[in-house]
Amino acid sequence: MIFCICLHLADTHAAAGLLPPIGTAERAHCYKWLIWMTNTLQAMLMSYFYPERWVDAGNATGAAQVKAHSEARVGGMLEQMDVELARHGGQWLGGERYSVLDPYALVLCRWTRGFARPARDLPALGPYLQRMLERPAVRRAVAREGLTAPLV
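Chemist: Where do I start with the side chain of Asp 102 in this structure?
Modeler: On the secondary structure map, Asp 102 appears in helix α4 (residues 101-110). The side chain of Asp 102 sits in the buried core without any salt bridge; Arg 135 is the nearest counter-charge, 6.9 Å away. With near-sequence residues (within four places) excluded, Asp 102 lies in contact with Trp 92, Leu 93, Arg 97, Tyr 128 and Met 132.

What follows is the structure, given as structure tokens:
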């Protein structure tokens, strides 16, 4: 659902430049990361938060195992994002320009705040998430929602 909202916002607010121009390599790069986040990272986070969906009813041991495996896999996925940020050296997930990738990544990384190794602890993701938290719109959203620390 977040994926669809990101595309809708980018399309309905084209002047904001939330996606690179159609037909560019940069646009394809953004699509790649949007789809990866929704089909890979978010999907694995869902198995972490709802492990009972993957085991027989009442199988608390199995659910705990699913949760542990999911956290480990999410850790590897966070490392992929960290590597991408370090690779291009830009301020944002897509490079130098803020895009729809960034609020989506913030939401997903926030979901890891209770992990043994949350996104904020990775060398490139940590500073990136702090840049996101400093954005005025993010500050307003945090205040409006009454979110408390740790934010990510």
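Chemist: Would you take a moment to explain α4 for this structure?
Modeler: Note on helix geometry: an α-helix contains 3.6 residues per turn, so any two residues three or four positions apart are oriented the same way. Of all 10 residues in α4, eight are buried; the element is thus mostly enclosed. Along α4, the residues that are buried comprise Leu 101, Asp 102, Tyr 104, Ala 105, Leu 106, Leu 108, Cys 109 and Arg 110. Looking at the buried side of α4, the elements it contacts are α1 (2-12), α2 (25-49), α3 (60-88), α5 (125-134) and α6 (136-145).

Chemist: I tried to follow the nonpolar core on my own but got confused; where do I start?
Modeler: Looking at soluble globular proteins, one finds that nonpolar side chains tend to be buried together. Within the largest apolar cluster, 40 residues are counted, with the highest numbers of intra-cluster contacts made by Met 37, Met 81, Leu 125 and Tyr 128. Only α1, α2, α3, α4, α5 and α6 provide two or more residues apiece to this core. The biggest single contributor to this core is α2, with nine residues. Apart from residues no more than four positions distant in its own chain, Leu 125 is found in contact with Leu 78, Met 81, Asp 82, Leu 85, Cys 109 and Ala 119.

Quick notes on the rules
Residues numbered from 1 in each chain as written. Predicted model: local features only at pLDDT ≥ 70, side-chain atom pairs only at ≥ 80, totals over all residues. Heavy atoms only, no water. Helix = DSSP H or I, 4+ residues; strand = E, 2+ residues; numbered from the N terminus. Buried < 20%, exposed > 50% of the residue type's maximum accessible area, 1.4 Å probe, protein only. Lys, Arg positive; Asp, Glu negative; His and termini not counted. Salt bridge = Lys/Arg side-chain N within 4 Å of Asp/Glu carboxyl O. Contact = heavy atoms within 4.5 Å. Core = buried A, V, L, I, M, F, W, Y, C linked by side-chain atoms within 4.5 Å.

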